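The chain contents come next:
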Amino acid sequence: MGDKGKAVAVMAGLVAVSGVVFAGVILGAITMWSHNRQIQEAGKRSDAVVTAEALDVGDGSIEGNSAVQTENKSEKDGQSADTGSSENGGENKAGNKSGPVSIEPQLLLDQSGVTITAQKYVTDDFWGDGIQILIENHSGRNVTVGCTALIVNDYMISDLFAVTVADGKKDQSTVYFLSGELKAAGIEMIGKIEIYFHIYDSDSWDNIYDSECVTIKTSAYDYMDSTPNDMGKELYNAGGIRIVGKEVDENSFWGTAVLLYIENNSGRNIGVSCKDLSVNDYMMTPLLASTIYSGRKSIDDITIFSSDLEENGITRVEWIDFSLHIYDSNTYGTIVDTSPVRINTQ
């Protein structure tokens, strides 16, 4: 669900006056969102079936845009969407042949006087799964360590990790993976964790170091969940970028959410946002801020706030019209603005 948790948290975090308070606001907002997603995945709400159609946009249509009523590619190929199948690690999950997931202790980073070591794989009843790490700071200044990106089994996952370590001190913390986002991506067996660390001076906010991708392979690497959770209606497919509308949830935490599967094989990191969205022909201000690294996938959603629906007297979402803005996340240059798409919920 790639950056949705971050985007929502930033809105709340504007009132924070310190790094600690800001982290707390982020934690609260995303925890509530994640809990809501778990309830959704448990089947405690009724979702509308997504159907998509291209609108008549005349000369403004985009070549290669596939906003059509296509069946899911996995269904066409006869592949099972069940990530618990024996072909995708299901045998291990059912019989637990290899025991609990674990990792080997390993040095992840040693740069600018800061070392980061992965100690063990942990599972918490409340927070879910994560990697316990030890940070040692001998840089000569106070530092804060966070993540630029966290990727699990090739899916972008929102992270809540930000730790301040005084000079000459150590910190033992855990990088947790939001369980709601793992469920949305269909991930039960975690085999690969990729982390991009960001280190900066806690006092001056000066950047110290941005790491390349650090990869941790778990004991479940050979049978991790890897089948794309791409069931739904294809909204866009061109240039190595594929976006699928999965479902419309009218009972999400913030209002109504359009769940998307985004796959990026374009050769560059991309961002996806939403523009010109209307519900039942009433214009709305949507929230979608998703970053997908090259070769990676994301489950994210377009949020439509309940306050916007109430202000326009909408009690039942019948159709949603919008376009997607896809851009290079490094340069912010536009890759494409898609043709308008309509999603019918009836």
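(A) Expanded view of the overall build of the protein. The helix and strand tally for the protein stands at 6 helices and 22 strands. Counting every position in the protein, which comprises 346 residues, the buried fraction comes to 52%.

(B) Representation of the sheet that holds strand β4 (residues 114–124). Taken together, 4 strands build an open sheet; the order of strands is β3-β4-β5-β9 and the sheet is antiparallel. Every other strand in the sheet has two partners, leaving β3 (106–111) and β9 (170–176) as the edge strands with one partner each. Neighbour-to-neighbour, the strand axes of the sheet open up by a mean angle of 25°, direction not taken into account. Where strand β5 (residues 128–137) lies against β9, 7 bridges are found, and the strand directions are antiparallel.

(C) Local environment of the pattern of salt bridges. For the coordinates displayed, the defined rule picks out 11 salt bridges. Glu-136 serves as the salt-bridge partner of Lys-170, at 4.0 Å between the closest nitrogen and oxygen. Taken together, the residues span a long stretch of sequence, with Lys-170 in strand β9 and Glu-136 in strand β5 at a distance of 34 residues. Across the pair Arg-342 and Asp-281 runs a salt bridge, and its minimum N-O distance is 3.9 Å. Here Arg-342, found in strand β22 (residues 341–344), pairs with Asp-281, found in the loop between β16 (270–279) and β17 (282–283); they are 61 residues apart in sequence, far enough to count as distant. Beyond isolated ion pairs, a larger network of salt bridges with shared partners links Asp-230, Glu-234 and Arg-242.

(D) Representation of unusual backbone geometry within the structure. A positive phi is found at Trp-205, a non-glycine position, where the angle reads about 70°. Secondary-structure assignment places Trp-205 in the loop between β10 (192–201) and β11 (207–210). Owing to a relative accessible area of 60%, Trp-205 belongs among the exposed residues under this scheme. We note that Asn-280 has phi near 55°; this positive angle belongs to a residue other than glycine. With respect to the helices and strands, the residue Asn-280 is situated in the loop between β16 and β17.

(E) Looking closely at the pairing of β3. Sheet analysis places β3 next to β4, joined by 5 bridges and oriented antiparallel. What sits directly across from Asp-110, in β4, is Thr-115. Hairpin remark: β3 followed by β4, antiparallel, with 2 residues in the connecting loop; positive phi at Ser-112, about 55°.

(F) Spatial organisation of the packing of aromatic side chains. Applying the stated rule across the entire model yields 6 aromatic pairs. Judged by centre distance (4.8 Å) and plane angle (85°), the ring pair of Phe-126 and Trp-127 falls under edge-to-face. When its relative accessible area of 28% is taken as the criterion, Trp-127 is described as partly exposed. Ring geometry for Tyr-327 and Tyr-332: centres 6.2 Å apart, planes at 20°, overall stacked. Among the aromatic residues, ring-to-ring pairing joins Phe-126, Trp-127 and Tyr-176 into one connected group. Lys-217 extends its terminal NZ or CZ atom over the ring of Tyr-221, reaching a point 4.5 Å from the ring centre. The ring of Tyr-155 carries Lys-297 above its face, with NZ or CZ at 5.2 Å from the centroid.

(G) Just the nonpolar core, in detail. Judged by nonpolar contacts, the single largest core of 38 residues is most densely connected at Ile-116, Ile-131, Ile-133, Ile-135, Phe-177 and Phe-197. Counting residues per element, this core draws most heavily on strand β6 (residues 143–152), at 5 residues. Discounting chain neighbours no more than four positions away, the residues touching Ile-133 are Leu-108, Ile-116, Thr-117, Ala-118, Gln-119, Phe-161, Asp-171, Gln-172, Ser-173, Val-175 and Phe-197.

(H) Highlighting the side chain of Ser-173. Mapping Ser-173 onto the fold places it in strand β9. Given the relative accessible area of 17%, Ser-173 is considered buried. Side chain to side chain, Ser-173 and Asp-171 meet in a polar contact 2.3 Å long. With near-sequence residues (within four places) excluded, Ser-173 lies in contact with Ile-131, Gln-132, Ile-133, Phe-161 and Val-163.

(I) Structural context of the environment of Ser-298. Here Ser-298 lies in strand β19 (residues 296–305). For the pair formed by Ser-298 and Ile-157, sequence separation is 141 residues and the distance between their alpha carbons is 7.6 Å.

(J) Expanded view of the environment of Asp-281. Separated by 38 residues in sequence, Asp-281 and Trp-319 place their C-alpha atoms 8.0 Å apart. If we skip the residues at most four places from it in the chain, Asp-281 touches Trp-319, Asp-321 and Arg-342. Polar side-chain contacts of Asp-281 include one of 3.2 Å to the side chain of Trp-319.

(K) Focus on the environment of Pro-228. By the secondary structure assignment, Pro-228 is in the loop between β12 (214–217) and β13 (233–238). Pro-228 sits in the partly exposed class, given a relative accessible area of 28%. Remark: the alpha-carbon pair of Pro-228 and Ala-185, spanning 43 residues in sequence, is separated by 7.8 Å. Sequence-distant contacts of Pro-228, defined by excluding residues within four places in its chain, comprise Tyr-155, Tyr-261 and Lys-297.

Criteria and thresholds
Residues numbered from 1 in each chain as written. Predicted model: local features only at pLDDT ≥ 70, side-chain atom pairs only at ≥ 80, totals over all residues. Heavy atoms only, no water. Helix = DSSP H or I, 4+ residues; strand = E, 2+ residues; numbered from the N terminus. Buried < 20%, exposed > 50% of the residue type's maximum accessible area, 1.4 Å probe, protein only. Pairing = 2+ DSSP bridges. Axes fitted to C-alpha atoms, helices over the stretch in contact; angles between N-to-C directions. Salt bridge = Lys/Arg side-chain N within 4 Å of Asp/Glu carboxyl O. Phe/Tyr/Trp six-rings, centres within 6.5 Å; stacked < 30°, edge-to-face > 60°. Lys NZ or Arg CZ within 6 Å of the ring centre and 35° of its normal. Core = buried A, V, L, I, M, F, W, Y, C linked by side-chain atoms within 4.5 Å. Contact = heavy atoms within 4.5 Å. Polar contact = N/O pair within 3.5 Å; in protein donor to acceptor, adjacent residues only side chain to side chain.

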